[in-house]
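Observations on the three-dimensional arrangement
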Amino acid sequence: MAMASCLLRTVAAAAAADGSQSFNPTSYRKRKIAVKTLKSFQIPLPYCSPPHLLNPPLPEVRNQAMAKENGGSEEPKSQEIWDFARVLWTFLRPHTFYGTLVASCSLAVRVWTENPNLMKWSILTRAFCGLVELLCGNSYIVGINQIYDVEIDKVNKPFLPIAAGRITRKQAWVLTTSFLVIGLSTATFNSGPFLSSLYCFALLLGTLYTVPPFRLKRFPIAAFLCIALVRGFLVNFGVYYASRSVLGLPFQWSPPVIFITTFVTFFGLVIALTKDLSDIEGDRRYKIITFATKLGVRRLAFFGSGILLLNYVAAILAAIYMPQAFRQTILIPTHTIMAISLIFQTIALDQAKYTKEAASSFYMFLWKLFYAEYLVFPFV
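Quick caveat, the model's predicted, so the values are computed rather than measured. (Residues numbered from 1 in each chain as written. Predicted model: local features only at pLDDT ≥ 70, side-chain atom pairs only at ≥ 80, totals over all residues. Heavy atoms only, no water.)

Counting its secondary structure elements, the protein contains 18 helices and 0 strands. When each of the 380 residues of the protein is scored for burial, the buried share is 43%. Pairs at least 24 apart in sequence give 74% of the contacts found in the protein among residues at least 6 apart. Carbon and sulfur atoms make up 67% of the accessible area of the protein, which amounts to about 21,600 Å² in all. (Helix = DSSP H or I, 4+ residues; strand = E, 2+ residues; numbered from the N terminus. Buried < 20%, exposed > 50% of the residue type's maximum accessible area, 1.4 Å probe, protein only. Contact = heavy atoms within 4.5 Å. Areas by Shrake-Rupley, 256 points an atom, 1.4 Å probe, with all protein chains shown as cover.)

Set out below in structure tokens:
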């Protein structure tokens, strides 16, 4: 009621200021339109309501206001962490990371399932440290390759973090050096002298492949031998040796291990040959001689597919002529399916006229076949 009186006095003062007819608040109260009728409205008058009740903030506005009250740092920090994780994952080249991970686990599982009575919980700790060594070594090799190939990657792989400007060379050096130090430290304390030496040799080959003045990637034969040796022989032999060593068993070749080591070494040759199918533009511009620049994309694709098909045929023949060493019901159908899928992918690449996107997709399909081989291996 006091608020209504205030309103009436305000209206009267306004009327008097305009020189209009005088206004009697007392008579106004006696009119039919009584101020009391305003009480029947449940909605408060606009001038009586605080602004935040009339216009409540939207949820996102409320969240931003709360973030400001809390220092405004929670959401930006979480976004920064997420962005860095995505950049780091791209920097690690996931397809090679997965290859090392699957190969290591597959070989270890094969050895341990053959000797379940020798398993102990402490072995898992050493196995985990060994896996860290290998993944850090893989990360060092792909990292140093990106540092020295920035200009080429701007043409061939502009999505990579350094080429895309997502991280600087200095930051890349910090990451790569960290992987190297962690890997070498873990190998020193977790593995014996022989395995540590083998590990260092693999890192040396990866360094010579990229770093001037050696830069073995400039020479096709030296380049694919480095990749095949590290990805094929050294990883398989080293992991198999380490897996038997932690069980207290002497090293001993077996038909399945000979098979996977030989198979993947040739597979490594195919990966080394076909990895440059989509990089031919940048390699030619910076005078990097590869089999792709010498033979052409089409010839190289058919050549690599031919080697891999012979690999699958050899695996099927090994199962047929050595039934005592392999499970025919697993080895034959799985490798038949993989061989047929390879044929279809090669035809699809040819029909796509060997575009950069098609060549890159074909190369990534080969990596999927690589993973599949190791996933099947414990069961053959």
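Next, the rest of the story.
Turning our attention to the nonpolar core. With 57 residues, the main nonpolar core has Phe267, Leu308, Tyr312, Leu369, Phe370 and Tyr374 as its most contacted residues. Those elements that provide at least two residues to this core are helix 6 (94-114), helix 12 (220-246), helix 13 (255-274), helix 16 (297-321), helix 17 (328-351) and helix 18 (356-376). With 12 residues, helix 18 is the single largest residue contributor to this core. Looking at which domains feed residues into this core, each of domain 1 (92-252) and domain 2 (255-379) supplies at least three. Beyond its immediate stretch of four places on either side in the chain, leucine 369 contacts Phe267, Leu308, Tyr312, Met338, Ser341 and Leu342. By size, the runner-up hydrophobic cluster in this structure holds 20 residues, among which are Val87, Leu131, Ile144 and Ala187. (Core = buried A, V, L, I, M, F, W, Y, C linked by side-chain atoms within 4.5 Å. Domains from an automatic or database assignment.)

Next up on the list: helix 13. Spanning 20 residues, helix 13 covers 29 Å between terminal C-alpha atoms, matching the ideal 28 Å at 1.5 Å per step. The buried fraction of helix 13 is high, at 15 of 20 residues. (Expected span 1.5 Å × (residues − 1).)

Within the structure shown, the criterion is met by 22 aromatic pairs. Look at phenylalanine 237 and phenylalanine 251: their rings are 5.0 Å apart centre to centre, the planes differ by 65 degrees, and that puts the pair in the edge-to-face class. Taken as a pair, phenylalanine 237 in helix 12 and phenylalanine 251 in the loop between helix 12 and helix 13 lie far apart in primary sequence, 14 residues in all. Overall, phenylalanine 251 belongs to the partly exposed group, its relative accessible area being 28%. Ring plane angle 45 degrees and centroid distance 5.6 Å describe the contact between phenylalanine 259 and phenylalanine 263, whose orientation is recorded as tilted. Residue phenylalanine 259 and its partner phenylalanine 263 are located together in helix 13, separated by 4 residues, close to a single helical turn. Take phenylalanine 259: its relative accessible area is 11%, and that puts it in the buried class. Overall, the relative accessible area of 2% leaves phenylalanine 263 in the buried class. Over the face of the ring belonging to phenylalanine 377 we find arginine 110, whose NZ or CZ atom lies 5.3 Å from the ring centre. (Phe/Tyr/Trp six-rings, centres within 6.5 Å; stacked < 30°, edge-to-face > 60°. Lys NZ or Arg CZ within 6 Å of the ring centre and 35° of its normal.)

Close contact between helix 11 (residues 193-210) and helix 12 brings their axes to 10 Å; oriented N to C, the two are set at 165 degrees. Put simply, helix 11 runs roughly antiparallel to helix 12. Relative to helix 12, the crossing made by helix 11 is left-handed. Note on element contacts: helix 12 touches helix 11 through Ala223, Cys226, Ile227, Leu229, Val230, Leu234, Phe237, Gly238, Tyr241 and Ala242, opposite Phe194, Leu195, Leu198, Phe201, Ala202, Leu205 and Tyr209. Residues that form the contact of helix 11 with helix 12 fall into these classes: 16 nonpolar, 1 polar and no charged. (Axes fitted to C-alpha atoms, helices over the stretch in contact; angles between N-to-C directions. Parallel < 35°, antiparallel > 145°, perpendicular 65-115°, else oblique. Left-handed = near helix turned anticlockwise from the far one by under 90°. Nonpolar A, V, L, I, M, F, W, Y, C, P; charged D, E, K, R; others polar.)

What follows deals with the pattern of salt bridges. Across all of its chains, the model carries 5 salt bridges by this definition. With its nearest N and O atoms 2.9 Å apart, the salt bridge here joins glutamate 114 to arginine 110. With a gap of 4 residues between them, glutamate 114 and arginine 110 both fall in helix 6, about one helical turn apart. Judged by relative accessible area, which is 40%, glutamate 114 ranks as partly exposed. The partner of aspartate 149 in a salt bridge is arginine 215, with the nearest N and O atoms 2.6 Å apart. (Salt bridge = Lys/Arg side-chain N within 4 Å of Asp/Glu carboxyl O.)

The subject of this paragraph is a nonpolar patch on the surface. Residues Phe201, Leu204, Leu229, Phe233, Trp253 and Ile258 make up a contiguous nonpolar surface patch of roughly 510 Å² in combined accessible area. When contributions to the nonpolar patch are tallied by element, the ones reaching two or more residues are helix 11 and helix 12. Residue position: tryptophan 253 is located in the loop between helix 12 and helix 13. (Patch = residues over 30% accessible without salt bridge, like charges linked within 9 Å, V, L, I, M, F, W, Y side chains within 5 Å.)

What follows concerns the side chain of asparagine 190. Its place among the elements puts asparagine 190 in helix 10 (residues 169-190). Its relative accessible area of 15% is what places asparagine 190 among the buried residues. A polar contact is formed between the side chain of asparagine 190 and the backbone oxygen of arginine 126, at a distance of 3.3 Å. Engagement of the side chain of asparagine 190 in a polar contact is seen with the side chain of glutamate 133, the distance being 3.2 Å. Residue contacts for asparagine 190: discarding those within four places in its chain leaves Arg126, Cys129, Gly130 and Glu133. (Polar contact = N/O pair within 3.5 Å; in protein donor to acceptor, adjacent residues only side chain to side chain.)

Summing up the model confidence of the protein, the mean pLDDT is 83 and the portion of residues at 70 or higher is 80%. Across the protein, helix 17 holds the top mean pLDDT of 96, while helix 3 (residues 51-54) sits lowest at 46. pLDDT under 50 marks residues 25-54. Its contacts with residues more than four places away, or in other chains, come to 12 contacts. The model gives residues 56-61 a pLDDT under 50, and that stretch makes 1 contact with residues more than four places away or in other chains. (pLDDT = per-residue confidence, 0-100.)

So, on to helix 11. Between its first and last C-alpha, helix 11 extends 26 Å over 18 residues, near the 26 Å set by a 1.5 Å rise per residue. On its buried side, helix 11 packs onto helix 7 (121-148), helix 10 and helix 12.

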